[in-house]
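Coordinate analysis (summary)
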Amino acid sequence: MKSPHKDDPFRHLLNKLTIHLIAIGFDKVGADWKRDEHIINYNRMFYILDGEGRVEVDGTRYEPKPGQLVIMPAGTRQAYSSISANGYTKYWCFFKAKIGDDDLFRMYNFPVCLEMPDKARITQLFEQLLFHFEQKRQTSFLMIRASMLELLCHFIDKALKLSPLPYRTAETEKLGTIIRYIEEHLAERITVEQLANIVHYHPNYFIRYFRSVLGTSPVRYINYLRMEKAKSLLLSTSLPIAEIARMVGLEHTNFIPLFKRHTGFSPSAFRDLAKK
């Protein structure tokens, strides 16, 4: 059964995303706002409310307009400045968007500047971030995480509507190839050696690389995808459990205990949940 998502590798990577907000603020800058080319190891975000200026990422110049969200990726050459006395009024933040050992914005080539359709909501999210970053309540970290994730959802959704995201690195492209292969061959026996051969890695190195990005071993990840597909089939079809086991590449006797470990329910009990 095909996933309804257009970019399954990207969807699976987002499932492993962790966010760390380093700093956040609001300011109105003057004509002297300027910083020459430099490199930082975190992402820089601006939300432009008013004014004019320019930013540069890896030598490409942009002039973000009011209503645009700007993300300058970690590890890129960055510069910015005002271009008139009418400097930017803006929210800003520094953050990391980690997937394993790498950063989401180092793995894919996102647009730098995007117009945000729901400007009021973006402003509200930044206000929430400012409030909780300063208040340091016991639940503030949850609110910060939720607001940052929603901000990134607005940005990523807009980017995906414009065009598919190109890979920034060959390593990310290889991981996408592996995830697609796994999804397309869940009904078959899949070995680590097979996966390593696809991307021309030694199996031991492949296991370490896979774990560094997705935080789990290839075998655990394959079983996770199998159980997720089985859950979907149990709830959306009346197929016999033995047939569903076959469709996810498992023997019936192995499928039942693995499914119970994954969900806490037997396959038949899980199917009954949809009837209640």
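The structure presented is a predicted model; accordingly, all values stated were derived computationally and were not measured.

1. Quick word on the overall build of the chain
- Assigned secondary structure in the chain consists of 11 helices and 10 strands.
- For the C-alpha atoms alone, the extent of the chain along its principal axes is close to 70 × 45 × 35 Å.
- Considering the chain as a whole, with its 276 residues, one finds that 45% of them fall into the buried category.
- Carbon and sulfur atoms form 52% of the exposed surface of the chain, whose accessible area is close to 14,200 Å².
- Taking the average place of the 39 positive charges on the side chains of the chain and the average place of its 30 negative ones, the gap between the two points comes to 5 Å.

2. Some points on unusual backbone geometry
- Here the phi dihedral of Asp58 falls at roughly 50°; this positive angle occurs in a residue that is not glycine.
- Structurally, Asp58 is set in the loop between strand 4 (53-57) and strand 5 (60-62).
- The backbone of His200 sits at a positive phi, close to 60°, despite the residue not being glycine.
- The residue His200 is located in the loop between helix 6 (192-198) and helix 7 (203-214) in this model.

3. Quick look at helix 5 (residues 170-184)
- Compared with an ideal rise of 1.5 Å per residue, which puts 15 residues at 21 Å, helix 5 spans 21 Å between its outermost C-alpha atoms and is within 8% of the ideal.
- Every buried residue of helix 5 is listed here: Thr172, Leu175, Gly176, Ile178, Ile179, Tyr181 and Ile182.

4. Considerations on the side chain of Asn43
- With respect to the helices, strands and loops of the structure, Asn43 is situated in strand 3 (residues 43-50).
- Looking at Asn43, its side chain comes within polar contact range of the side chain of Asp103, at 3.0 Å.
- Those residues within four positions of Asn43 in sequence are excluded, and the remaining contacts are Met72, Pro73, Ala74, Cys93, Phe94, Phe95, Lys96, Ala97, Asp103 and Phe105.

5. Observations regarding the pattern of salt bridges
- Under the definition given, this model contains 11 salt bridges.
- The partner of Lys231 in a salt bridge is Glu228, with the nearest N and O atoms 3.0 Å apart. On the criterion of helical spacing, the pair formed by Lys231 and Glu228 is a turn pair, its members being three residues apart in helix 8 (residues 218-236).
- Residue classification places Glu228 among the partly exposed positions, given a relative accessible area of 30%.

6. Observations concerning the nonpolar core
- Among the nonpolar cores identified, the biggest contains 54 residues, and Phe95, Leu104, Phe126 and Leu152 are the most heavily contacted of them.
- Every residue in contact with Phe126, bar those within four places of it in the chain, is listed here: Ile24, Met45, Tyr47, Leu69, Tyr91, Trp92, Cys93 and Leu151.
- If you look at the next biggest cluster of nonpolar residues, it comprises 17 residues, including Tyr42, Ile48, Trp92 and Val112.

7. As for the confidence of the model for the chain
- Overall, the predicted model of the chain reaches an average pLDDT of 90, with 95% of residues at or above 70.
- Confidence drops under pLDDT 50 across residues 1-7; counting only partners more than four residues distant or on other chains, this segment forms eight contacts.

8. Some remarks on the packing of aromatic side chains
- Under the counting rule described, the total for this entry stands at 21 aromatic pairs.
- Taking the centre distance of 5.9 Å and the plane angle of 75° together, the rings of Trp33 and Tyr88 count as edge-to-face. Taken as a pair, Trp33 in the loop between strand 1 (18-28) and strand 2 (34-39) and Tyr88 in the loop between strand 7 (77-82) and strand 8 (89-99) lie far apart in primary sequence, 55 residues in all.
- Relative accessible area serves as the criterion here: at 0%, Tyr88 is assigned to the buried category.
- Ring geometry for Phe110 versus Phe155: centroids 6.3 Å apart, planes at 45°, classification tilted. Residue Phe110 is located in the loop between helix 2 (104-107) and strand 10 (113-115), and its partner Phe155 is located in helix 4 (residues 140-162); the two are separated by 45 residues in the primary sequence.
- Judged by its relative accessible area of 8%, Phe110 falls in the buried class.

Cut-offs used in this document
Going along each chain's sequence as written, the residues are numbered from 1 onward. Totals for whole chains, interfaces and linings use all residues, but because this is a predicted model, local features are given only for residues with pLDDT of at least 70 and pairs of side-chain atoms are given and counted only at 80 or more. The side-chain values count all of the structure's non-hydrogen atoms but skip hydrogen atoms and water molecules. Helical segments are the DSSP runs of H or I of at least four residues, strand segments are the runs of E of at least two, and each set is numbered from the N terminus. We call a residue buried when its accessible area falls under 20% of the maximum for its residue type, exposed when it is over 50%, and partly exposed in between, using a 1.4 Å probe and counting protein chains only. Here, Shrake-Rupley sampling with a 1.4 Å probe gives the accessible areas, and only protein chains in the shown set may cover a residue. A residue counts as positive if it is Lys or Arg and as negative if it is Asp or Glu; His and the chain ends are not included. All charge positions are set by atom: Lys at NZ, Arg at CZ, Asp at CG, Glu at CD. Here, expected helix span is obtained from the residue count minus one, scaled by 1.5 Å. Any pair of nitrogen or oxygen atoms within 3.5 Å is treated as a polar contact; in protein, a donor-acceptor pairing is required on top of that, and neighbouring residues in sequence qualify only through side-chain atoms on both sides. Contacts are assigned to residue pairs that have any heavy atoms within 4.5 Å of one another. A carboxyl oxygen of Asp or Glu within 4 Å of a side-chain nitrogen of Lys or Arg is what we treat as a salt bridge. Put simply, a nonpolar core is a bunch of buried Ala, Val, Leu, Ile, Met, Phe, Trp, Tyr and Cys residues held in one set by side-chain atoms that sit within 4.5 Å of each other. Summary of the metric used: pLDDT quantifies the predictor's per-residue confidence within the range 0 to 100. In summary, the pairing rule links any two rings of Phe, Tyr or Trp, Trp by its six-membered ring, whose centres are within 6.5 Å, and it sorts them by plane angle into stacked for under 30 degrees, edge-to-face for over 60 and tilted for everything else.

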